[in-house]
Amino acid sequence: DDGVTSPNKRFVGADASLLFDASGNPAVAYQDSSNIDLIYARKTATSTAWSTEVLYGGPMSMELMGTASGFYISQGRRNNTAYISNVDVDFSEEGALLLNLTVLSKDLN
């Protein structure tokens, strides 16, 4: 998603966190605000394109219930593993707001 081309316009980049792997290649964790997902993008020396994947999130129902991810993102690296933390927003069956800290790991090899 380049953020411009229809029909896939999405608002991306909120709460971005950048790190570099051991070879100096960038990796960015950020929120896709349109889908409220945590996205991970990487660029390696062997590719001219960025690869992206949804690391965490969940479908929103018509009542706007479901997991919203990608808030307050931070990441750090140990050896060849990135550790990505973010806050998820969810609701209990009774409608109470739930905030969850999630830490995920991503192999940078």
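Please read these numbers as outputs of a predicted model, since none were measured by experiment.

1. Considering the nonpolar core
In this structure, Leu19, Ala27, Ala29, Leu38, Tyr40, Leu55, Ile73, Ala82, Ile84, Leu104 and Leu108 together form the largest nonpolar core, which totals 11 residues. Contributing elements (two or more residues each) for this core: strand E2 (26-32), strand E3 (37-42) and strand E6 (81-91). Setting aside anything within four residues of it in sequence, one finds Ile84 in contact with Ala29, Leu38, Tyr40, Leu55, Ile73, Ser74, Gln75, Thr102, Val103, Leu104 and Lys106.

2. Comments concerning the sheet that holds E3
Taken together, four strands build an open sheet; the order of strands is E1-E2-E3-E4 and the sheet is antiparallel. Lying at the two open borders of the sheet, with one neighbouring strand each, are strand E1 (12-20) and strand E4 (51-56). On average, each strand axis in the sheet is tilted by 25 degrees relative to the strand beside it, whichever way the strands run. Of the strand pairs in this sheet, E2 and E3 are connected by six bridges, and their pairing is antiparallel. Counterpart to Tyr30 in the pairing with E3 is Ile39.

3. Details of a nonpolar patch on the surface
Together, Tyr83, Leu101 and Val103 give the surface a local cluster of nonpolar side chains, amounting to about 330 Å² of exposed area. Structurally, Tyr83 can be placed in strand E6.

4. Here we look at the pattern of salt bridges
Once the charged atoms of two side chains with opposite charge are near each other, the side chains can pair. Counting across every chain of the model gives two salt bridges. Among the ionic pairs, Asp21 bridges to Arg42, the shortest N-O distance being 3.4 Å. Placement of the pair is Asp21 in the loop between E1 and E2 and Arg42 in strand E3, with a sequence separation of 21 residues. Two residues, Glu53 and Lys106, come together in a salt bridge whose shortest N-O distance is 2.4 Å. Note that Glu53 is positioned in strand E4 and Lys106 in strand E7 (residues 97-107), a separation of 53 residues in sequence. Its relative accessible area of 32% is what places Glu53 among the partly exposed residues.

5. Observations concerning the sheet that holds strand E5 (residues 68-78)
Here three strands make up an open sheet; going across it, the order is E5-E6-E7 and the pairing antiparallel. Every interior strand has two partners, whereas the edge strands, E5 and E7, have only one. Sheet twist, expressed as the average angle between the axes of neighbouring strands with direction ignored, equals 20 degrees.

Reading the values: the criteria
- Residues numbered from 1 in each chain as written.
- Predicted model: local features only at pLDDT ≥ 70, side-chain atom pairs only at ≥ 80, totals over all residues.
- Heavy atoms only, no water.
- Core = buried A, V, L, I, M, F, W, Y, C linked by side-chain atoms within 4.5 Å.
- Buried < 20%, exposed > 50% of the residue type's maximum accessible area, 1.4 Å probe, protein only.
- Helix = DSSP H or I, 4+ residues; strand = E, 2+ residues; numbered from the N terminus.
- Contact = heavy atoms within 4.5 Å.
- Pairing = 2+ DSSP bridges.
- Axes fitted to C-alpha atoms, helices over the stretch in contact; angles between N-to-C directions.
- Patch = residues over 30% accessible without salt bridge, like charges linked within 9 Å, V, L, I, M, F, W, Y side chains within 5 Å.
- Areas by Shrake-Rupley, 256 points an atom, 1.4 Å probe, with all protein chains shown as cover.
- Salt bridge = Lys/Arg side-chain N within 4 Å of Asp/Glu carboxyl O.

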